[in-house]
Amino acid sequence: GSVSSIEGICNVENIELGRLSSPLIGNSIFNYDIISSEINSYCEITFDDRATRIRLDNNTRIKIIIDKYSRIIKLFNGSLFVENAKIEDKTYIQTLHNDIYVNNNKVWVFSSLSFDQIFPLNSHLNIYNQAIKSNIELVPLMMYDVYKNGEIQSNNSTDLPYYVIQSRNNQQKKISM
(Lines give C-alpha, C1' and ligand atoms only; values in the text may rest on other atoms or scores of the structure.)
Protein backbone atom coordinates (compact mmCIF):
# COMPACT_ATOMS: atom_id res chain seq x y z
CA GLY A 1 0.00 0.00 0.00
CA SER A 2 0.90 3.65 0.04
CA VAL A 3 0.08 6.92 1.77
CA SER A 4 -2.80 8.54 -0.14
CA SER A 5 -3.46 11.58 2.07
CA ILE A 6 -1.83 13.38 5.01
CA GLU A 7 -2.77 16.32 7.18
CA GLY A 8 -0.42 17.38 9.98
CA ILE A 9 2.24 15.04 11.34
CA CYS A 10 2.31 11.29 10.72
CA ASN A 11 5.14 8.83 11.25
CA VAL A 12 6.04 5.41 9.88
CA GLU A 13 8.29 3.07 11.80
CA ASN A 14 9.47 -0.40 10.88
CA ILE A 15 11.67 -2.10 13.45
CA GLU A 16 12.39 -5.06 11.13
CA LEU A 17 13.66 -2.70 8.39
CA GLY A 18 15.22 -0.19 10.81
CA ARG A 19 13.17 2.62 9.30
CA LEU A 20 11.61 5.73 10.85
CA SER A 21 10.18 8.46 8.65
CA SER A 22 7.55 11.12 8.16
CA PRO A 23 5.95 9.87 4.96
CA LEU A 24 4.85 11.93 1.98
CA ILE A 25 1.84 11.22 -0.24
CA GLY A 26 2.74 8.30 -2.49
CA ASN A 27 5.30 6.77 -0.10
CA SER A 28 5.04 3.00 0.23
CA ILE A 29 3.77 1.29 3.34
CA PHE A 30 5.36 -2.09 4.06
CA ASN A 31 4.40 -5.18 6.01
CA TYR A 32 4.90 -4.67 9.77
CA ASP A 33 4.95 -0.87 9.45
CA ILE A 34 3.74 1.01 12.52
CA ILE A 35 1.91 4.15 11.44
CA SER A 36 1.00 6.92 13.85
CA SER A 37 -0.69 10.29 13.62
CA GLU A 38 -0.18 13.14 16.05
CA ILE A 39 -2.61 15.72 17.47
CA ASN A 40 -4.68 17.58 14.82
CA SER A 41 -3.39 15.18 12.16
CA TYR A 42 -4.64 12.33 10.02
CA CYS A 43 -3.18 9.91 7.53
CA GLU A 44 -4.82 7.76 4.84
CA ILE A 45 -3.40 4.55 3.43
CA THR A 46 -4.69 2.82 0.31
CA PHE A 47 -3.67 -0.74 -0.50
CA ASP A 48 -2.23 -1.39 -3.96
CA ASP A 49 -5.34 -3.28 -5.12
CA ARG A 50 -7.49 -0.27 -4.09
CA ALA A 51 -9.79 -2.68 -2.20
CA THR A 52 -8.92 -1.36 1.28
CA ARG A 53 -8.49 2.18 2.55
CA ILE A 54 -7.57 3.12 6.12
CA ARG A 55 -7.88 6.56 7.66
CA LEU A 56 -6.10 7.16 10.96
CA ASP A 57 -7.69 9.94 13.00
CA ASN A 58 -5.50 12.12 15.21
CA ASN A 59 -3.50 10.53 18.05
CA THR A 60 -3.77 7.05 16.56
CA ARG A 61 -1.25 4.22 16.26
CA ILE A 62 -1.61 1.09 14.10
CA LYS A 63 0.50 -1.74 12.73
CA ILE A 64 -0.17 -3.38 9.38
CA ILE A 65 0.42 -7.13 9.08
CA ILE A 66 -0.16 -8.89 5.77
CA ASP A 67 0.11 -12.63 5.27
CA LYS A 68 -0.94 -15.06 2.56
CA TYR A 69 -4.67 -14.93 3.46
CA SER A 70 -5.34 -11.76 5.43
CA ARG A 71 -4.72 -8.12 6.18
CA ILE A 72 -4.58 -7.26 9.86
CA ILE A 73 -4.73 -3.69 11.07
CA LYS A 74 -3.67 -3.71 14.71
CA LEU A 75 -5.18 -0.65 16.39
CA PHE A 76 -3.05 0.09 19.46
CA ASN A 77 -4.85 3.30 20.41
CA GLY A 78 -6.96 6.04 18.89
CA SER A 79 -9.50 5.71 16.11
CA LEU A 80 -9.63 4.78 12.46
CA PHE A 81 -12.01 4.29 9.56
CA VAL A 82 -11.67 1.31 7.24
CA GLU A 83 -13.38 0.94 3.87
CA ASN A 84 -13.09 -2.51 2.37
CA ALA A 85 -14.39 -4.05 -0.85
CA LYS A 86 -15.24 -7.73 -1.10
CA ILE A 87 -11.92 -9.47 -1.77
CA GLU A 88 -10.44 -12.93 -1.26
CA ASP A 89 -8.04 -11.79 1.48
CA LYS A 90 -9.75 -11.33 4.82
CA THR A 91 -9.39 -7.91 6.46
CA TYR A 92 -9.40 -7.55 10.24
CA ILE A 93 -9.07 -4.68 12.66
CA GLN A 94 -7.49 -6.06 15.81
CA THR A 95 -7.82 -4.18 19.08
CA LEU A 96 -6.76 -5.22 22.57
CA HIS A 97 -10.23 -6.72 23.10
CA ASN A 98 -11.77 -7.58 19.72
CA ASP A 99 -11.04 -8.95 16.25
CA ILE A 100 -13.28 -7.08 13.83
CA TYR A 101 -13.89 -8.75 10.46
CA VAL A 102 -14.37 -6.13 7.74
CA ASN A 103 -15.79 -7.56 4.51
CA ASN A 104 -17.34 -5.28 1.89
CA ASN A 105 -18.10 -2.79 4.64
CA LYS A 106 -17.11 0.54 6.15
CA VAL A 107 -16.42 0.76 9.87
CA TRP A 108 -15.18 3.37 12.33
CA VAL A 109 -13.42 2.08 15.46
CA PHE A 110 -12.09 3.84 18.56
CA SER A 111 -10.01 1.74 20.94
CA SER A 112 -8.91 2.33 24.51
CA LEU A 113 -7.68 0.15 27.38
CA SER A 114 -11.17 -0.47 28.78
CA PHE A 115 -13.44 -0.60 25.71
CA ASP A 116 -13.85 -0.21 21.95
CA GLN A 117 -16.40 1.95 20.18
CA ILE A 118 -17.50 0.42 16.89
CA PHE A 119 -19.71 1.94 14.19
CA PRO A 120 -20.43 -0.25 11.13
CA LEU A 121 -21.91 1.61 8.16
CA ASN A 122 -22.84 -0.67 5.25
CA SER A 123 -23.81 -4.03 6.70
CA HIS A 124 -23.75 -6.30 9.73
CA LEU A 125 -20.31 -6.59 11.31
CA ASN A 126 -18.87 -9.68 12.94
CA ILE A 127 -16.50 -9.24 15.85
CA TYR A 128 -14.79 -11.80 18.05
CA ASN A 129 -14.41 -10.73 21.68
CA GLN A 130 -11.27 -12.09 23.38
CA ALA A 131 -12.71 -12.08 26.94
CA ILE A 132 -15.86 -14.11 26.27
CA LYS A 133 -14.24 -16.02 23.37
CA SER A 134 -17.35 -15.55 21.29
CA ASN A 135 -18.58 -13.94 18.08
CA ILE A 136 -20.86 -10.91 18.26
CA GLU A 137 -22.83 -9.47 15.36
CA LEU A 138 -23.34 -5.70 15.23
CA VAL A 139 -26.11 -3.99 13.26
CA PRO A 140 -25.13 -1.21 10.80
CA LEU A 141 -25.64 2.51 11.49
CA MET A 142 -25.51 2.05 15.27
CA MET A 143 -22.66 2.94 17.63
CA TYR A 144 -21.62 0.25 20.09
CA ASP A 145 -19.44 0.35 23.17
CA VAL A 146 -17.86 -3.11 23.47
CA TYR A 147 -16.19 -3.46 26.87
CA LYS A 148 -13.18 -5.64 27.50
CA ASN A 149 -15.37 -8.13 29.45
CA GLY A 150 -17.55 -8.60 26.35
CA GLU A 151 -20.46 -6.47 27.58
CA ILE A 152 -22.08 -4.40 24.81
CA GLN A 153 -24.09 -1.20 25.00
CA SER A 154 -25.53 0.86 22.19
CA ASN A 155 -24.30 4.43 22.37
CA ASN A 156 -25.93 7.34 20.57
CA SER A 157 -24.04 10.09 22.37
CA THR A 158 -20.57 9.70 20.83
CA ASP A 159 -19.56 12.39 18.36
CA LEU A 160 -18.43 10.75 15.14
CA PRO A 161 -15.85 12.49 12.93
CA TYR A 162 -17.46 14.66 10.23
CA TYR A 163 -16.35 12.36 7.38
CA VAL A 164 -18.03 9.35 9.07
CA ILE A 165 -21.24 11.38 9.50
CA GLN A 166 -21.14 12.23 5.77
CA SER A 167 -20.66 8.56 4.90
CA ARG A 168 -23.50 7.58 7.29
CA ASN A 169 -25.83 10.15 5.72
CA ASN A 170 -24.99 8.85 2.23
CA GLN A 171 -25.65 5.28 3.40
CA GLN A 172 -29.01 6.28 4.95
CA LYS A 173 -30.02 7.94 1.65
CA LYS A 174 -29.20 4.71 -0.23
CA ILE A 175 -31.33 2.69 2.20
CA SER A 176 -34.33 5.02 1.90
CA MET A 177 -34.32 4.98 -1.94
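Residues numbered from 1 in each chain as written. Predicted model: local features only at pLDDT ≥ 70, side-chain atom pairs only at ≥ 80, totals over all residues. Heavy atoms only, no water.

**Q** Can you tell me about the pattern of salt bridges, naming the residues and giving the values?
**A** Pairs can form between side chains of opposite charge whenever their charged atoms are close. Counted according to the given criterion, the structure contains seven salt bridges. Of the charged contacts in the structure, one is a salt bridge between glutamate 44 and arginine 53, with a shortest N-O distance of 2.8 Å. What makes glutamate 44 buried here is its relative accessible area of 13%. Glutamate 83 is the salt-bridge partner of lysine 106, the closest N and O atoms lying 3.8 Å from each other. Taken together, the residues span a long stretch of sequence, with lysine 106 in strand E11 (residues 105–111) and glutamate 83 in strand E8 (residues 70–84) at a distance of 23 residues. Taken together, the shared-partner salt bridges connect Glu44, Arg53, Arg55, Asp57, Glu83 and Lys106 into one network. (Salt bridge = Lys/Arg side-chain N within 4 Å of Asp/Glu carboxyl O. Buried < 20%, exposed > 50% of the residue type's maximum accessible area, 1.4 Å probe, protein only. Helix = DSSP H or I, 4+ residues; strand = E, 2+ residues; numbered from the N terminus.)

**Q** Give a description of the nonpolar core that names residues and reports values.
**A** By size, the foremost hydrophobic cluster in this structure holds 28 residues, and its most contacted members are Ile35, Ile54, Ile62, Leu80, Ile93 and Ile118. Sort the elements by how many residues they give to this core and E8 lands first, with four residues. Those residues within four positions of isoleucine 54 in sequence are excluded, and the remaining contacts are Cys43, Glu44, Ile45, Phe47, Ile62, Ile64, Ile73, Leu80, Phe81 and Val82. Ranked by size, the runner-up nonpolar core spans eight residues in total, among them Phe81, Leu121, Tyr163 and Val164. (Core = buried A, V, L, I, M, F, W, Y, C linked by side-chain atoms within 4.5 Å. Contact = heavy atoms within 4.5 Å.)

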